[in-house]
Every structure is written in C-alpha cells, then in structure tokens.
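Read off the chains here:
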Amino acid sequence: MKIMRNSTGVTALVAAMVLGGCASVAAHQDTPAPLPAVVEPAPAAPQVTPIRPAEQWLFGSAEASVIIRQTYDAMTQYAVTAAKTRDEDRAKRQSVVLGAGATLQAPHFASCGTKPAAVIFDADETLIWNLGQARWAAERGAHFDPKIWDDWERTGEGKVLPMPGVVDALKALRAANITVVVNTNREARNAGQTAATLKTAGLGDFVHGETLFLKGDDATGSAKDARRSKIAERYCVVAMVGDQLGDFAQAFNDKALTAAQRRTLATTTPVYALWGKGWFLLPNSTYGPWDRISYDDAFPAATRWEPQP
C-alpha cells in the first residue's frame, strides 16, 4: 500500500518547531544565568621569623631566670654587708668605681669618705627586659636600628618587664639606705620617658642628673667612665651591676682588642677579683660586643673534629 504524505502539514510542523526554538533561545538570552560567586582569597599570614635560641634562652628559660635571680640575691647581700662594714669602719670605705688614671692591670679606687652608699645599675637587660621591642625585632629578623630604638625609648613605657629578682633587690637596697643609681646609654633627650618606663615597671622614681645618668649627659658618647666618675663624686659606690663589660670599665670596649685579649682582661687581670665582690655581671645572649666573635675565636683549631667514616 502506498502512503501519501501531506507536504503542507509537514511544512507547518517544521515551521512551528523552528519558531519554538527561536523563542526558547530568545527567552534564554533575556535571563542570563547568574555568574559564579567570587571567592576572596584569605589574607596571607604574616611572615614571622622563627624565634632565635638567644631570645628563647634569655627571655623564656628557667635557667636564665635562675642565674639572674641568684646574681641579684648575691649582689644585694654583698652590697648591704659592704655598706654596713664601711659605715662602721671609715678606713674601709672605698668605691668599686675605677679611679682617675686607673687601668685594668693596675686598678685603684678613690676613698669614699663620708659619702652615702649607692649601687650603680645599667638599665636595659639589667633592670628591665625590653620585651616589646625585642619581639618586634625578632619576628622580623631585624637588626638594631637607632631610629627604631629611639622610638622605643619614647613609647615603650608599659611594654617592659622587671628582670627576675630586681624588684626585691631594689627594695632591700633602699631599706638599707643604699641609693639606687642608673647609668644607661638611653638618650638624655628621652630622660622623662626613661624615668617613666622604670617607674611603670615597678622600680621606683629616678631623677635625671641625680639617680639617672644618660648618654648625652657629657661629650663622651656611649662611654660610661665619665658618668661613673661623676656618680662616684657624690656616692660611695659599693657595687655595680650590668650585662656588658663596658658597664664596669670602658677599657673592655677597646675595638682593637681581639676576643682572646678581651677575655684575658676580664679573667686574668687584678679586676677579676671584683667579679661577685663589687662587680656583678648578668647574662645577655641577645646582643653585645661578643657578636663579632668568629668560629676560630670560639673553637680553637686544636679542637677540630669530624666523625669517622
């Protein structure tokens, strides 16, 4: 049987399909699909330099705290006893500040006479830990910057901590009528802020030119000998406390000295007898003249060793 197709119907069907498709496309074009949401990337974590062993040990370890506290306990006992002895026997009243013209090899000390007793302290890493500035620098791996340090002197009040044993030591000294004097290389132009920093740390009041001496008080820069001599003119200095050898005598800071020569001056000259008996040195593993020591300075050639194959 032969099937007859209706061409007119087919044409109409095709036309309808085409028109329907066009309408569908047009509708689709009129309502575009929403764009995918834009996901903002998470802010990058700040790059923090891992804490160095030097800061870990000094500021965080029990070992450092014990050494510092026992040094302060020993200093307090020595100073109180020395002041009492010198009060009872004026012939024994002698300062522990080197006299004019004295050397480490041939030290001599001025008589105290009737001067009141005092103990001289450095400030930074001796009375206070500069934790705010130290953390800022450590996190960035930053080296010492005079501008940053000046800003710290001016704005660091409340961001330091008294070192272990300091508050009790100063209280005991003052109770024994021993004046607490600070000789620091903080700048004289920041005297008010430094005094406020010390007071806020719980260390009491300090007066510039009387119990607070600063870099810029004279023309000798960071050298402390002239300031020490001025303090010794007013007080019988029964003890000194610091974290650098220069806190006791400028001769230790001679840049011409090798590491071995500097060590020899500190340990074999007559002033060695003063360590723990008038001069009290605190540990500081974070900065100091020792940072120029080389491998050969620290490890003598005769000690070289390698594991055997």
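Reference entry: report on the structure contained in this document. (Residues numbered from 1 in each chain as written. Predicted model: local features only at pLDDT ≥ 70, side-chain atom pairs only at ≥ 80, totals over all residues. Heavy atoms only, no water.)

### A word on helix H7 (residues 191-200)
Phase 1: Among the residues of H7, those classed as buried are Ala191, Thr194, Ala195, Thr197 and Leu198. The arc that holds the buried residues of H7, viewed along the axis, is 160°, so those residues lie on one side.
Phase 2: In this structure, the buried side of H7 is in contact with strand E4 (128-129), strand E6 (179-187) and strand E7 (212-215).
Phase 3: Of the residues flanking the end of H7, it is Gly202, one or two places downstream, whose phi is positive at about 90°. (Buried < 20%, exposed > 50% of the residue type's maximum accessible area, 1.4 Å probe, protein only. Helix = DSSP H or I, 4+ residues; strand = E, 2+ residues; numbered from the N terminus. Arc of directions from axis to C-beta. Contact = heavy atoms within 4.5 Å.)

### Concerning unusual backbone geometry
Phase 1: Of note in the backbone geometry, Glu125 takes a positive phi value of approximately 60° without being a glycine.
Phase 2: With respect to the element layout, Glu125 can be found in the loop between strand E3 (117-121) and E4.
Phase 3: Its relative accessible area of 4% is what places Glu125 among the buried residues.
Phase 4: Phi angles above zero are rare outside glycine, and Asn177 is one such case at about 65°.
Phase 5: Within the secondary structure, Asn177 sits in the loop between helix H6 (166-175) and E6.

### Remarks on the pairing of strand E1 (residues 94-98)
Phase 1: The buried count for E1 comes to four of five residues, which makes it a mostly enclosed element.
Phase 2: The sheet contact formed by E1 and strand E2 (residues 109-111) spans two bridges and is antiparallel. Paired with Leu98 across the bridge in E2 is Phe109. (Pairing = 2+ DSSP bridges.)

### Topic: the state of the cysteines
Phase 1: Inspection of every chain in the model, using the stated rule, returns one disulfide.
Phase 2: Sulfur-sulfur distance for the disulfide between Cys112 and Cys236 comes to 2.2 Å. Disulfide Cys112 to Cys236: torsion about the S-S bond roughly 75°, handedness right-handed. Here Cys236 lies in strand E8 (residues 236-242) and Cys112 lies in the loop between E2 and E3, a separation of 124 residues in the sequence. With respect to burial, Cys112 and Cys236 carry one shared label: buried. (Disulfide = S-S within 2.5 Å.)

### Details of the packing of aromatic side chains
Phase 1: Tallying each qualifying case throughout the model produces nine aromatic pairs.
Phase 2: For the pair Phe252 and Trp275, a centre-to-centre distance of 6.4 Å together with 35° between the ring planes defines the contact as tilted. Of this pair, Phe252 sits in the loop between E8 and helix H9 (259-268) while Trp275 is found in the loop between H9 and strand E9 (279-281), placing the two residues 23 residues apart along the sequence. No difference in accessibility class separates Phe252 from Trp275, as the two residues are buried. (Phe/Tyr/Trp six-rings, centres within 6.5 Å; stacked < 30°, edge-to-face > 60°.)

### What to know about the packing of helix H3 (residues 62-88) against H6
Helix-helix packing is characterised by the crossing angle of the two axes and by the distance between the axes.
Phase 1: Orientation of H3 relative to H6, taken along the N-to-C sense of each, is 5°, at an axis distance of 9 Å. Here H3 lies roughly parallel to H6, going by the angle between them. Residues Arg69, Tyr72, Met75, Thr76, Ala79 and Val80 of H3 lie in contact with H6, whose contacting residues are Val166, Asp168, Ala169, Ala172 and Leu173.
Phase 2: For the contact of H3 with H6, the class distribution of residues is eight nonpolar, one polar and two charged. (Axes fitted to C-alpha atoms, helices over the stretch in contact; angles between N-to-C directions. Parallel < 35°, antiparallel > 145°, perpendicular 65-115°, else oblique. Nonpolar A, V, L, I, M, F, W, Y, C, P; charged D, E, K, R; others polar.)

### Observations concerning the pattern of salt bridges
Phase 1: Scanning the model with the defined rule gives 13 salt bridges in all.
Phase 2: In this structure, Arg189 engages Glu187 in a salt bridge whose closest nitrogen and oxygen atoms are separated by 3.6 Å.
Phase 3: Each of Asp150, Asp151, Arg154, Glu187, Arg189 and Lys215 takes part in salt bridges that share partners, so that together they form one network. (Salt bridge = Lys/Arg side-chain N within 4 Å of Asp/Glu carboxyl O.)

### Considerations on the nonpolar core
Phase 1: Within the largest apolar cluster, 41 residues are counted, with the highest numbers of intra-cluster contacts made by Tyr72, Met75, Val119, Phe121, Leu127, Leu173 and Leu203.
Phase 2: Each residue touching Phe121, except ones within four places of it in the same chain, is listed here: Tyr72, Met75, Leu127, Leu170, Leu173, Val180, Val181, Val182, Asn183 and Val241.
Phase 3: Judged by nonpolar contacts, the second largest core, of 25 residues, contains Ala118, Val237, Ala266 and Val271. (Core = buried A, V, L, I, M, F, W, Y, C linked by side-chain atoms within 4.5 Å.)

### Remarks on the sheet that holds E7
Phase 1: Taking strand neighbours across the sheet as the criterion, the five strands line up as E7-E6-E3-E8-E9 in an open arrangement whose pairing is parallel. The open sheet has two free edges, formed respectively by E7 and E9, since each of these has just one partner strand. Between one strand and the next, the sheet's axes are offset by a mean angle of 20°, whatever the strand orientation.
Phase 2: Both E6 and E7 contribute to a ladder of four bridges, which runs parallel. Within the sheet, the bridge partner assigned to Glu187 lies in E7 and is Lys215.
Phase 3: On the sheet, H3 packs against E3, E8 and E9 and is oriented at approximately 170° with respect to E8.

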